[in-house]
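Tertiary structure, described
Letter by letter, the chains look like this.
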Amino acid sequence: MATESAESELIKEAVSSVPRQALEYLLAVGVCARCIFRLFGVHGRVYASSKLSTSLIKSILEDPKDCNMQENGCDSVNHASESVSMICNVCLGILQFVRKQGGEIHLLRERKATLVEFLESVTELVKEEGHKADSFSLEVSVPAIILENEQEISSYVKKKYESEDWFQEKFLNKCLSVKDCLKLSIKDSLETLLGVGSGVGSLRIRLAYSHSKESSKLQNLSEKDIVKRRKTDTGFTGLSRNEANQLFHKCQDSTTTESSKNSLALPEKVSEPCILAYHCYHLPIYIGGRYLKFSRNVSQTRWIIDDERMGEASVEEIIGSSVLPICSGDAYKFHAAGREDIDVRMLGSGRPFLVEVVNPRHIPTASDIISIEYAINNLEGRFVCVRKLRLVGNEVWNLMHEGEAEKQKQYAALVWISRLVKDEDLQSISAIRDMDILQRTPIRVLHRRSPLERKRTIHWMKIERISGSCQYFLLHLCTQAGTYIKEFVHGDLGRTHPSIGSIFGCRAEILQLDVTDVKMDSFN
């Protein structure tokens, strides 16, 4: 923070950069100090001054030489002394740090705040949430009506002062938005209070403002225009500056130039400030690796039918419940490169997966990752094992899904056929390379999958005889991702063609199936 004397000089310099007649006029019509400065393109650290207020500006105008913030009682001037009736009719109190906040509408309570109190409340929120990060970024959402207020005040000032020499040079020259001005006011102090820098950080502090006063112009817009409002993941809505500009220009274009001149008016006085809902969150983190599943009674994801669990457990819960406590997140989401049926084991090198941790408070270290892997691999029952566990970027998640159609999978299936296995069967199967098959959606999944016909490729196959058996054999095969292996063996009443049954000219059944390899470069 700047020293008292440095702050005083910053404010005096900003005051001197604004034409006195315009400054006095805007103060008189209820525009706050920060809004006046930003409308006149004032930049710099003046916005971060905790002493900046309309009362101080008026004192400087009365006696610019004698008014020192530590003398003549000026140090007592702050926003707490500005009543709710003096809410800025442009920013609606946002840049005065006056706001309403609370859970339900009937619980809202008025808050008259200083900049220091506002900063402390945001800092307390971050600390209460327990976030630990090396940087943060600010997100601000403001009501669209604020941009309308800006345009009304600028039109009025233009009509009043456009003949003045200073007008074209100063007014609205590189005007700052309310969002940018608010960030300038609090960013440096937040960095000091939180002990980390700001920028494009993974920790996001969101300040979402709304106001009960509806814009008559926005109400007159068509529903098609209103749906341009952007929706965020937390339910807040707002308009971007460009979107709001387009809406307001559309409103203005609907009125003739002459009637617009006759109807110029200042923004209406407001009696209540904006409602502020603020919170902080950390962008998701991803922990990836490969999992092996050894049980034929464990599903990949949690499977509940009519309040009854299917299987003993799920891969998703076994891995996720070990990751979430270490990361202190709100929740987790499990993503895998494909899936296997509950009765199919996942062996070999394992299946690539990611655990997305939502709003983590702790970023796991290398030793944390080792602890997670050890905990999963030593659970009672040892249904699941993980390998190559590591913290990864979200680009791996995108690569995993982009590569689903291209990846290959290898299987080992215990097959029974209704006749004896012949030597020529082994040779005919081994000779197959990159055979295309057509699969209509299997009967067993028609209730949850679209009835489509899919083209898939069988890259290679080989048969391994089972000693002492003439109708059972192990079928090893490598296929394109998305191939239904069970249906490829028995044909699914002709819905998959060709199939092992049609190739051998007999009935074929699959008794057990294991996935032995999922080739995917980003997880090797």
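Preceding block: the structure.
A brief report on the enclosed structure follows. These numbers were taken from a predicted model, which means no experiment stands behind them.

Let's talk about helix 4 (residues 54-62)
Along helix 4, the residues classified as buried are T54, L56, I57, I60 and L61. For helix 4, the buried positions fall inside an angular range of 160° around the axis, keeping them on one side.

Observations regarding the nonpolar core
If you look at the biggest cluster of nonpolar residues, it comprises 67 residues, and the most contacted ones within it are F37, I57, I94, I186, L207 and Y209. Examining the composition of this core, we find that 6 residues originate from one element, helix 5 (residues 115-129), more than from any other. For Y209, the contacting residues outside a window of four places in its chain are I94, F118, V140, S141, V142, P143, L182, C274, I275 and L276. Within the second largest apolar cluster, 50 residues are counted, among which are Y291, C327, I500 and V515.

Quick notes on the packing of aromatic side chains
Scanning the model with the defined rule gives 7 aromatic pairs in all. Ring geometry for Y291 and F353: centres 6.1 Å apart, planes at 55°, overall tilted. One end of the pair, Y291, is in strand 9 (residues 285-293); the other, F353, is in strand 15 (residues 345-358), and 62 residues separate them in sequence. Judged by relative accessible area, Y291 falls into the buried class, the value being 0%. It is K160 that lies over the ring of Y25; its NZ or CZ is 4.8 Å from the centre.

So, the state of the cysteines
For the structure on display, the rule yields 0 disulfides. You can see C35 has no disulfide; the closest cysteine sulfur is in C32, sitting 3.7 Å from it. In this structure C181 is a free cysteine whose sulfur lies 6.9 Å from that of C35, the closest cysteine sulfur available.

A short note on the pattern of salt bridges
This model, assessed by the stated rule, comprises 22 salt bridges. When the shortest N-O distance is used, the salt bridge between E509 and R507 registers 3.5 Å. The exposure class of E509 is partly exposed, given its relative accessible area of 27%. Three or more residues joined by partner-sharing salt bridges are found here, namely D341, D343, R444, K486 and E487.

Parameters at a glance
Within every chain, residues take consecutive numbers counted from 1 along the sequence as written. With pLDDT at 70 or above as the cut-off, local features in this predicted model cover only qualifying residues; side-chain atom pairs require 80 or more to be listed or tallied, and sums for whole chains, interfaces and linings still use all residues. Excluding hydrogens and water, the side-chain figures rest on all heavy atoms present in the structure. Using a 1.4 Å probe on the protein chains alone, a residue whose accessible area is under 20% of its type maximum counts as buried, one over 50% counts as exposed, and one in between counts as partly exposed. Each helix is a run of H or I in the DSSP string that is no shorter than four residues. Each strand is a run of E no shorter than two, and both are numbered from the N terminus. This arc is taken over the directions from the axis of the helix to the C-beta atoms. The term nonpolar core refers to a set of buried residues drawn from Ala, Val, Leu, Ile, Met, Phe, Trp, Tyr and Cys, joined through side-chain atoms within 4.5 Å. Contact criterion: two residues are considered in contact whenever any of their non-hydrogen atoms come within 4.5 Å of each other. Paired rings are identified among Phe, Tyr and Trp, the last through its six-membered ring, by centres lying within 6.5 Å, and are further divided according to the angle between planes into stacked (under 30 degrees), edge-to-face (over 60) and tilted (the rest). Comment: the charge-over-ring label is applied if NZ (Lys) or CZ (Arg) is within 6 Å of the ring centre and within 35 degrees of the ring normal. Whenever a pair of cysteine sulfur atoms sits within 2.5 Å, that pair is classed as a disulfide. A side-chain nitrogen of Lys or Arg and a carboxyl oxygen of Asp or Glu constitute a salt bridge if their distance falls within 4 Å.

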